[in-house]
Amino acid sequence: NGQHVARRPVEVVSDKLKSHVELIRQVLPTALKDEAERLVKRALVYFTRTEALMECTPQSFVQCVIDAAELGLPLDGRLGYAVPYNVKVQKDPDRWEKLAQFQPSYKGLVSVARRSGQVIGAKADIICANDAFRHGRSGQASVLEHTYQIDKPRGDVTGAYAIIRYGNSPDDWEYEVMSIGELEKVRKS
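Residues numbered from 1 in each chain as written. Predicted model: local features only at pLDDT ≥ 70, side-chain atom pairs only at ≥ 80, totals over all residues. Heavy atoms only, no water.

1. Things to note about the overall build of the protein chain
Looking only at helices and strands, the protein chain has 6 helices and 7 strands in total. Its helices and strands in sequence order give the protein chain the pattern α-α-α-α-β-β-α-β-β-β-β-β-α, from N to C terminus. The C-alpha radius of gyration of the protein chain comes to 21 Å, more than 25% above the 16 Å expected for a compact globule of 189 residues. Overall, the protein chain is about 80 × 40 × 40 Å in size when its C-alpha atoms are taken along their principal axes. Counting all 189 residues of the protein chain, 29% fall into the buried class. (Helix = DSSP H or I, 4+ residues; strand = E, 2+ residues; numbered from the N terminus. Rg over C-alpha atoms; globule rule 2.2 N^0.38 Å. Buried < 20%, exposed > 50% of the residue type's maximum accessible area, 1.4 Å probe, protein only.)

Below you can see the structure in the form of structure tokens.
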């Protein structure tokens, strides 16, 4: 009858992902080359469950999957995210598009670091006003102590820290502490 029926975003993204499986396989780390189809399926499930991504260009979502694959991560909302941004793509007249951009989670970055063999573990936690928290150096050793009572209110978040373990010795670890103000600066940048 000559009428064009618009395809649903899920169908368009599904077709584009399927056509990029070989490229995704090529960019995956060597040990994960057999995971391309599975990563595509997981990304499609993530896409269908994330309403905000339906407004993004299909190609920008596919690029997120490729970017995640380069790190050997799934785009699943746990180890990696596709985050929609309004981006100006033309001036005079202004034209904006919603583009998805890949962002690994800290758990995703830990996964990549562990796979490298240089990091054996990592942990992050928040610090609240009523927590007992102490950190610093004691001679040659780093000290970080964090406790709180689970049956009492912890209070407002005042900061956070991350610990990275890179060996089996008790001294093979480092940490970073940030105040809530420093965290907000990073979040806004």
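2. Comments concerning the pattern of salt bridges
Across all of its chains, the model carries 10 salt bridges by this definition. Residues Arg95 and Glu97 are paired through a salt bridge, measuring 3.0 Å at the closest nitrogen-oxygen approach. The exposure class assigned to Glu97 is partly exposed, which follows from its relative accessible area of 25%. For Glu145, the salt bridge goes to Arg134, with nearest N and O atoms at 3.1 Å. With Glu145 in strand β5 (residues 141-147) and Arg134 in strand β4 (residues 132-138), this pair connects stretches of sequence that are 11 residues apart. When its relative accessible area of 42% is taken as the criterion, Glu145 is described as partly exposed. Among the charged side chains, a salt-bridge network with shared partners connects Glu22, Arg25 and Glu37. (Salt bridge = Lys/Arg side-chain N within 4 Å of Asp/Glu carboxyl O.)

3. Remarks on unusual backbone geometry
Omega for the bond connecting Asp92 with Pro93 falls within 30 degrees of zero, at 0°, which places this linkage in the cis form. Mapping Pro93 onto the fold places it in the loop between β1 (80-90) and β2 (95-104). Residues other than glycine seldom take positive phi values, yet Asp92 does so here, at roughly 50°. If you trace the backbone, Asp92 turns up in the loop between β1 and β2. On the basis of relative accessible area, Asp92 is assigned to the exposed category, the value being 73%.

4. Digging into helix α4 (residues 58-70)
For α4, spanning 13 residues, the distance from its first C-alpha to its last is 19 Å, which sits close to the expected 18 Å at 1.5 Å a residue. Restricting attention to buried positions, one finds in α4 the residues Ser60, Phe61, Val62, Cys64, Val65, Ile66, Ala68 and Ala69. The inward-facing, buried residues of α4 abut α1 (9-19), α2 (21-27), α3 (36-49), β1 and β2. (Expected span 1.5 Å × (residues − 1). Contact = heavy atoms within 4.5 Å.)

5. A closer look at the packing of aromatic side chains
Scanning the entire structure with this criterion turns up 3 aromatic pairs. Centre to centre, the rings of Phe47 and Phe61 are 4.9 Å apart; their planes meet at 55°, and the pair counts as tilted. Taken together, the positions of Phe47 in helix α3 and Phe61 in helix α4 put the pair 14 residues apart, joining distant regions of the chain. Lying over the aromatic face of Tyr148, Arg154 brings its terminal NZ or CZ to 3.6 Å of the ring centre. (Phe/Tyr/Trp six-rings, centres within 6.5 Å; stacked < 30°, edge-to-face > 60°. Lys NZ or Arg CZ within 6 Å of the ring centre and 35° of its normal.)

Such coordinate-based values are descriptive only and should not be taken to indicate function.
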